Amino acid sequence: MQEQLENITASLLEEIDSGVVYLDAGGKVLLMNRRAEEILHIGRAEVVGKRVDMLPLRTPVYRVLSENVQDEPVEVSIDGAVIQVRSSKFPGDTPGELFQLRDISADKKEKRQREEFVAMMTHDLKSPLTVIMGYMQALIGEMPTKMDPSLHLFVKEMDKSAAKMLSMIDDVLDAYRLEAGLLQIDRQPTDTRALLEGCCRDGEQEAAVHGSYFLSDLCDGIPTLDLDAKQIARVFANLIGNAVKFTPRRGTISVSTTVEDDRLLVEVADTGIGIPENELPRVFNKYFRSSAARGFKGTGLGLTISKAIVEAHGGSIRVESTAGKGSRFTVLLPLKGERTTFRRQFKG
């Protein structure tokens, strides 16, 4: 039985996609699998049984095995490939060091392509769109005296569409920054009530255009909180915007707040199309869009980014919904809390 297990272990070592090299306490190579041979361009017969300090200095195997990679992995370039190397100590009767080698060239290439894509998005899309929006604002300023009234609605709709496009581009850019750990928050003491009132005013105007009712009930005693005002405003703008978008005419959107247990609770509710119960666990997933939202425009990134922003503030966000009857999103923000950083929130 023991022999059978050893044979299975040996077979598995040969089949895994990571290179494995094992050294004893004296630095002698005791084991090397097939993938390590491929990565290091050397046969195990040339290495096994030899101490690392006896290997030729300029060879990849010496460069890799002489690295101190116990604290954190190191990336080594070998014939154009990028190899990530990490090691761990094996205590016990036969102490040694296990090296793991992984070819991350494809990951590096994909990351570089994503960075190039973001650079393209920033320059090739945002720059001309910003120019367009600048000229649109200039036209809006001239409307009262120099433009036929019949064109006013067209100009305003063009400006609104340009702003929506810019928002969608920003969502894609921030999704990349968040995934790469580059999206930062700048927390400052913030008049939270004023922030929410501003979001509600914008939501009320948007609801009026859509023919819906908007209600707000902001409680007294909302304190000043240590927030990134721009990012938190973005969260509520997204939640309120979704509520308006997915609520039919004559429906109701409401925003309410409560302060309890050292937390600020902000609820955004609507009487819209709702979300099927079986889809609720995926609502905050990257690019996920509910089956009920077919026909509505969107990137599927707003809730993902909103969740990350709220959690970066030490808070949480949850959703309750019934298909055909509406949704309720609840944001909980601590009145006092430790600073946290963005973490990856994406699920496949």
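Procedures and definitions
- Residues numbered from 1 in each chain as written.
- Predicted model: local features only at pLDDT ≥ 70, side-chain atom pairs only at ≥ 80, totals over all residues.
- Heavy atoms only, no water.
- UniProt positions renumbered as here; feature names shortened; annotations may be inferred.
- Core = buried A, V, L, I, M, F, W, Y, C linked by side-chain atoms within 4.5 Å.
- Buried < 20%, exposed > 50% of the residue type's maximum accessible area, 1.4 Å probe, protein only.
- Helix = DSSP H or I, 4+ residues; strand = E, 2+ residues; numbered from the N terminus.
- Contact = heavy atoms within 4.5 Å.
- Expected span 1.5 Å × (residues − 1).
- Bend = angle between axes of the 7 residues up to and from the residue.
- Pairing = 2+ DSSP bridges.
- Axes fitted to C-alpha atoms, helices over the stretch in contact; angles between N-to-C directions.
- Left-handed = near helix turned anticlockwise from the far one by under 90°.
- Nonpolar A, V, L, I, M, F, W, Y, C, P; charged D, E, K, R; others polar.

Going by the annotation in an unreviewed UniProt entry, the name recorded for the chain is histidine kinase, with Geomonas terrae given as the source organism. As its UniProt record puts it under Catalytic activity (unreviewed entry), the chain is described as follows: "ATP + protein L-histidine = ADP + protein N-phospho-L-histidine."

Residues F236, L239, V255, F329 and V331 are the most contacted members of the largest nonpolar core, which totals 38 residues. Going through the elements one at a time, α6 (192-210), β8 (224-227), α7 (229-245), β9 (252-260), β10 (263-270), α8 (302-312), β11 (316-322) and β12 (326-334) are the ones with two or more residues in this core. Considering every element that reaches this core, the biggest residue donor is α7, with 7 residues. F329 has contacts with L239, V266, E267, V268, I275, V283, F284, L303, R318 and V319, leaving out every residue within four places of it along the chain. Formed by 22 residues, the second largest nonpolar core is a distinct cluster that contains V21, I42, V64 and V85.

The end-to-end C-alpha distance of helix α4 (residues 105-146), which contains 42 residues, comes to 59 Å, matching closely the 62 Å that a straight helix rising 1.5 Å per residue would cover. Approximately 35° is the largest bend angle found in α4, and it occurs at K126, with the proline P128 only one to four residues beyond. When α4 is considered as a whole, its buried residues turn out to be V118, M121, L129, M133, M136 and M143.

Glancing now at the sheet that holds β11. One open sheet holds the 5 strands; their spatial order is β7-β9-β10-β12-β11, and the pairing between them is mixed. Bordering the open sheet on either side are β7 (213-217) and β11, each of which pairs with just one other strand. Taken over all neighbouring pairs, the strand axes of this sheet differ in orientation by 15° on average, direction set aside. Relative to β9, β7 runs parallel, the two being bridged by 5 bridges. Counterpart to D217 in the pairing with β9 is S256. Sheet strands touched by α8: β11 and β12. Its angle to β12, the strand with the most contacts, is close to 25°.

Further remarks concern the pairing of strand β2 (residues 29-32). As judged from the 3 bridges shared by strand β1 (residues 19-24) and β2, these two strands associate in the antiparallel manner. By the bridge assignment, L23 is partnered in β2 with V29. Between β1 and β2, which follow one another and run antiparallel, lie 4 residues, and G27 among them has a positive phi close to 85°.

Two elements in contact, α7 and α8, have axes separated by 9 Å at closest approach and are oriented at 140°. α8 is crossed by α7, and the crossing has left-handed handedness. Residues Q231, I232, R234, V235, N238, L239 and N242 of α7 form the contact with α8, whose participating residues are G302, L303, I305, S306, I309 and V310. In terms of residue class, the contact of α7 with α8 is made up of 7 nonpolar, 5 polar and 1 charged.

A separate point is the sheet that holds β2. Read from one edge of the open sheet, 5 strands run β2-β1-β5-β4-β3, paired in antiparallel fashion. The sheet is open, and its two borders are formed by β2 and β3 (74-78), each paired with just one other strand. Neighbour-to-neighbour, the strand axes of this sheet turn through a mean angle of 25°, independent of strand direction. Examined bridge by bridge, strand β4 (residues 81-90) and strand β5 (residues 96-103) share 8 bridges and lie antiparallel to one another. Bridged to I83 within β5 is D103. Sheet strands in contact with α4 are β3, β4 and β5, and its direction is about 125° off that of β4.

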